[in-house]
Amino acid sequence: MRKVIVIAVREYQAAVKTKAFIISILAMPVFMGGSIAVQALMRDKVDTTDKRIAVLDQTGRLYDLIVEASLKRDQTIVFKGEGAERKKVKPRYLIEKASVSSDDRERITFELSEQVRNAEIFAFAIMGPDVIEPGDDPLRARVAYHSNTPTYDNFQNWLERVINRHTHELRFQAVNVEPAVVAQAIRPVQVANLGLVSLDEEGRITKAEETNRIANFLIPMGMMMLMFMVVLVAASPLMQSVLEEKMQRIAEVLLGSITPFQLMMGKLLGIVGVSLTMATIYLVGAFYAIHETGFGQFFPKHLVWWFVVFQVMAVLLYGSVFAAIGAAVSDMKEAQNLMTPVMLVVIAPMFVWLNVVKEPLSTSSMVMSLIPPATPMLMILRQAVPPGIPIWQTLLGIVLVIATTIVCVFAAGRIFRVGILMQGKGANLGEMIRWAIRG
Amino acid sequence: MNNTTNVVEIQSISKTFRKHVAVDDLSLSVPKGSIYGFIGPNGSGKTTTLRMIMRIYHPDSGGGHIRVLGKESFQAANDRIGYLPEERGLYKKMKVRDILRFYAELKGRRDFKETVGNWLQRMNLSDCANNKVETLSKGMAQKVQFIAAVIAEPELVILDEPFTGLDPVNADVLREAVLDLRRRGSTVIFSTHDMSVAEKMCDFIFMIFKGRKVLDGTLESIQHKYGEDTVRVSVEGNGYSPHTISGVERVTDFGHVQELRIAPGTDTQDLLGALMRQGNVMHFELAHPSLHDIFVRIAGPEADKDAAGLETLTAEEPADA
């Protein structure tokens, strides 16, 4: 056992003392913080160049209303701040009558398109004569908006809102209905997302708190992503480290002092240490960050121990597979080929996590979270979504994962024993399976 | 010979990789406290045999057995054995001092601080104790590896080509260290391609060729088997062409000196007369064949013609160490 620990300590130091580890530890918060900061900065850094838009209104009743709405928009949202602070934060929409020399719809469209191409105007909209009273044909109610920048939809959305509001009003007026009455009649009803109420110490019924959708969503996601990161950063380098020992003939020297199984167990213990170091740094960091921002009550303290158990299992499970691959192959290229299917298994929970978060108690979520390679990530995800899951499911998951981990470590140990001393061509999957079964 | 004095006892073992027979029905015994040299061409089975002694490889199942340090149990891991593999064997990113500490700990040593320092000083490596292995030259890395093999003062040291790639100064340092190990009571087995090293250092020489033992014994006993069939000469003169002289079977030219192998029954006085007729004889010495010559006779191109080269030439009673 002493020797296993000697190996583990070396493995741990070799992993943790590298620049790559420190960088990867820092990378995630920097990336996340950075992307939030960039988004915050970019919010006010939009293009504020005014947009000249030509409008051809064949109804004759909408043009003035659109101009009026654009002027009102200038007053309300285009400029922000007061006095000297006042500055333009959005582009103005400069509405103008389309100047055309024809009555033919196709000809008009062409002329206006040319104007867009010549940068005389930014875009143009054509309202057919029947937009307000289209009868039964929805196509006649359609407004044609043409531009050379199809991805810029801000104006299109604004115009749609303005036209709809005014056509509705005009249609109500046509049948003598007061628009205010209609507004009253179609006022929307809100459905609030609330938690459960309970009794406080004095026996009074507490007030239901409005649930925090973001917290309910982000915490489980964060837990799962952390699990994923830890497996990736701690377990996958094991393959390279085993490959180095094999290629540099270090394994031969080591095997003069310890058995192959001891060597592998030592290395696995080492990376479990690495993963616990990582998880501690992140969990403490996350706790501090959440606490400081006043969301302390959302930190899932009750899940930390479950997280550690699942994480250790995941690292052992995937670590043993990576170690076996490292021992079986003879160069990085062969290793990458064998890595791909394993990585797909590691990533698989990422494809289903959204469904699992929305319905953590559904049968499919339960079944998926009980498939051992996915259990560590999906089970912690389900546990983190209120109100949690029945304890028997968690325990069953742990039992299955432990059983699978034992099988994996055992099989990997056999592959490791044969592969680590084999030089020349690496093994293929079939050979690896044969070694694992026959020993 | 009494079994208890043998550190390694191998009885007719074989090792087959897929269809390739690497080691074929091999037996040998290494007496305690001796320096035992393995020679043989590349790919002849030296490393495989050493690995079997290390219990890294298991021999094919069959009648044979390997007994190392009196034990027959087949499990790798023995703190009483030190091993230096052929080239490499070090973590590139580790510091020299750390890696030596690691290997010492792995062998169960706890009081290694002073030992590591002493060895580094002895091998002229004190200045690079805190350098990473990847910054070392090949010779320096070789010395570090050697220290790693002997740091735990093993009873048996197995060195796979320890002198390859060393300059003469470093080779001397290492040779001195190996002799020192023996003085302290360790048994040393090493493989080498350098015949002069084997001749000068080894108490016993063991040659393996195509997986089979072809030589085993002291240098004298091996040379004795071949008899005094070699003449070492140095002749000056334009007409000098020794291979034209009758009775000369083979000429090995070392430049200033030639080794002539003579047919059995050739009169050496006649040979000397013939040489004197060809030029000015500066040196004429009747000798046993050198180990180099014996090696070439067994494994060289002419060995194919000479089937007798594969015959096992074991000294029946090797002289006691």
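About the thresholds
Residue numbers here run from 1 along each chain, matching the order of that chain's written sequence. Chains carry letters from A onward and ligands carry numbers from 1 onward, assigned in written order. Predicted model: local features are reported for residues with pLDDT of at least 70 only, side-chain atom pairs are reported and counted for 80 or more only, and whole-chain, interface and lining totals are derived from all residues. In this text, helices come from DSSP runs of H or I with a minimum length of four residues, and strands from runs of E with a minimum of two, each type numbered from the N-terminal end. Three exposure classes are used, all based on how many other C-beta atoms lie within 10 Å of a residue's own C-beta (placed from the backbone): buried at 20 or more, exposed at 12 or fewer, and partly exposed between those limits. Contact definition: two residues whose C-beta atoms, as placed from backbone geometry, lie within 7 Å. This radius of gyration counts C-alpha atoms alone. The globule rule is 2.2 Å times how many residues there are, raised to the power 0.38. All the domain ranges listed were derived from an automatic or database domain assignment. Here, a strand pair is defined by DSSP locating no fewer than two bridges between the strands. Angular values range over 0 to 180 degrees, each being the angle between N-to-C directions of two axes fitted as lines to C-alpha atoms, with helices fitted over their stretch in contact. Under the grouping applied here, Gly and all other residues not named as nonpolar or charged are polar, the nonpolar ones being Ala, Val, Leu, Ile, Met, Phe, Trp, Tyr, Cys and Pro and the charged ones Asp, Glu, Lys and Arg. Crossover handedness is defined here as right-handed if the route from the first strand over the helix to the second strand goes clockwise, with the strands pointing away from the viewer. Throughout, the term roughly parallel applies to angles under 35 degrees, roughly antiparallel to angles over 145, roughly perpendicular to angles from 65 to 115, and oblique to all others.

Chemist: For this particular structure, what's the right way to read the overall build of chain B?
Modeler: When helices and strands are tallied, chain B shows 9 helices and 14 strands. Projected onto the principal axes, the alpha-carbon positions of chain B cover approximately 70 × 50 × 35 Å. Taken over 321 residues, chain B has a buried fraction of 39%. Across chain B, contacts joining residues at least 24 apart in sequence account for 72% of those joining residues at least 6 apart.

Chemist: Is there a simple way to think about the overall build of chain A in this case?
Modeler: When its secondary structure is counted, chain A shows 16 helices and 6 strands. Here the C-alpha radius of gyration of chain A, 32 Å, is well above what a compact globule of 439 residues would show, namely 22 Å. Relative to its 439 residues, chain A shows a buried fraction of 31%. For chain A, the share of sequence-separated contacts (at least 6 apart) that also reach a separation of at least 24 residues comes to 73%.

Chemist: For this particular structure, what's the right way to read the domain arrangement of chain A?
Modeler: Note: interface size is frequently given as the accessible area lost on complex formation between the parts. Domain assignment breaks chain A into domain 1 (51-184) and domain 2 (212-438). Using C-alpha coordinates to define each centre, domain 1 of chain A is positioned 56 Å away from domain 2 of chain A.

Chemist: Explanation requested: the sheet that holds strand β1 (residues 6-17) of chain B in the structure shown.
Modeler: Note on sheets: strands pair through backbone hydrogen bonds, and any given pair is parallel or antiparallel. Residues and elements named next belong to chain B. Within the open sheet, the 3 strands sit side by side as β2-β1-β4. Their pairing is antiparallel. Edge strands, defined here as strands with exactly one partner in the open sheet, are β2 (20-31) and β4 (65-68). Ignoring strand direction, the axes of neighbouring strands in this sheet form an average angle of 20 degrees. Pairing geometry for β1 and β4, over 4 bridges, is antiparallel. Each residue of the ladder has a partner; that of Gln-11, found in β4, is His-65.

Chemist: I tried to follow the interface of chain B and chain A on my own but got confused; where do I start?
Modeler: At the junction of the two partners, chain B supplies 20 residues and chain A supplies 15 residues. Sorting the residues of the side of chain B that touches chain A by element identifies β5 (81-84) and α2 (96-106) of chain B as the ones contributing at least two each. Per-element tally for the side of chain B that touches chain A: the top contributor is α2(B), with 3 residues. Residues of the side of chain B that touches chain A, tallied by class, amount to 12 nonpolar, 2 polar and 6 charged.

Chemist: How should I be thinking about the pairing of strand β6 (residues 156-160) of chain B in this particular structure?
Modeler: Residue and element names in this part refer to chain B. Across the 5 residues that make up β6, a large majority, 5, are buried. Of the two faces of β6, the one lined by Leu-156, Ile-158 and Asp-160 and the one lined by Val-157 and Leu-159 are each fully buried. Relative to β6, β5 runs parallel, the two being bridged by 4 bridges. Paired with Tyr-83 across the two strands is Ile-158, which belongs to β6. Two strands pair when backbone bridges link them, and β6 and strand β7 (residues 187-191) are joined in this way by 5 bridges, in the parallel orientation. Each residue of the ladder has a partner; that of Ile-158, found in β7, is Ile-189. In this view, the connection linking β6 to its parallel neighbour β7 by way of helix α5 (residues 168-183) has right-handed handedness.

Chemist: It is not clear to me how the sheet that holds strand β13 (residues 280-287) of chain B should be interpreted in this structure. Could you clarify?
Modeler: All names here are of chain B. If you trace the 4 strands from one edge of the open sheet to the other, you get β11-β12-β10-β13, paired in antiparallel fashion. Lying at the two open borders of the sheet, with one neighbouring strand each, are β11 (248-253) and β13. The sheet shows a mean angle of 25 degrees between the axes of neighbouring strands, direction not considered. As defined by bridge partners, strand β10 (residues 230-236) adjoins β13 across 7 bridges and the pair is classed as antiparallel. By the bridge assignment for β13, Glu-236 is matched with Asn-280.

Chemist: Can you walk me through the environment of Thr266(B) in this structure?
Modeler: All names here are of chain B. Structurally, the position occupied by Thr-266 is in the loop between β12 (258-262) and α8 (268-278). You can call Thr-266 partly exposed: it has 18 C-beta atoms within 10 Å. If sequence neighbours within four positions are ignored, Thr-266 has contacts with Gly-247 and Leu-271.

Chemist: How do you make sense of the pairing of β7(B) when you look at a structure like this?
Modeler: When a strand is regular, its side chains alternate between the sheet's two faces. Residues and elements named next belong to chain B. With 5 of 5 residues buried, β7 lies mostly within the body of the structure. The side-chain alternation of β7 yields two buried faces, one formed by Thr-187, Ile-189 and Ser-191 and the other by Val-188 and Phe-190. Pairing analysis gives 4 bridges linking strand β3 (residues 35-39) to β7, with the strands arranged parallel. Each residue of the ladder has a partner; that of Tyr-36, found in β7, is Ile-189.

Chemist: Explanation requested: the packing of helix α4 (residues 138-150) of chain B against α5(B) in the structure shown.
Modeler: For any two helices packed against each other, one specifies the inter-axial angle together with the distance between the axes. All names here are of chain B. Running from N to C, α4 and α5 cross one another at 10 degrees; their axes reach a closest spacing of 11 Å. Here α4 is positioned roughly parallel relative to α5, judged by the angle of their axes. Across the interface between the two elements, Gly-139, Lys-143, Phe-146 and Val-150 of α4 pack against Asn-170, Leu-174, Ala-177 and Leu-181 of α5. Taken together, the residues of the contact of α4 with α5 sort by class into 5 nonpolar, 2 polar and 1 charged.

Chemist: So what exactly am I meant to see when it comes to the domain arrangement of chain B here?
Modeler: All names here are of chain B. One can read the domain layout of chain B as domain 1 (3-223) and domain 2 (225-310). Between domain 1 and domain 2, the C-alpha centre-to-centre distance is 35 Å. On the side of domain 2, 12 residues touch domain 1, which itself brings 13 residues to the contact. With 4 residues, helix α7 (residues 219-226) is the largest single contributor of residues to the side of domain 1 that touches domain 2. The class makeup of the residues in the side of domain 1 that touches domain 2 is 10 nonpolar, 2 polar and 1 charged.

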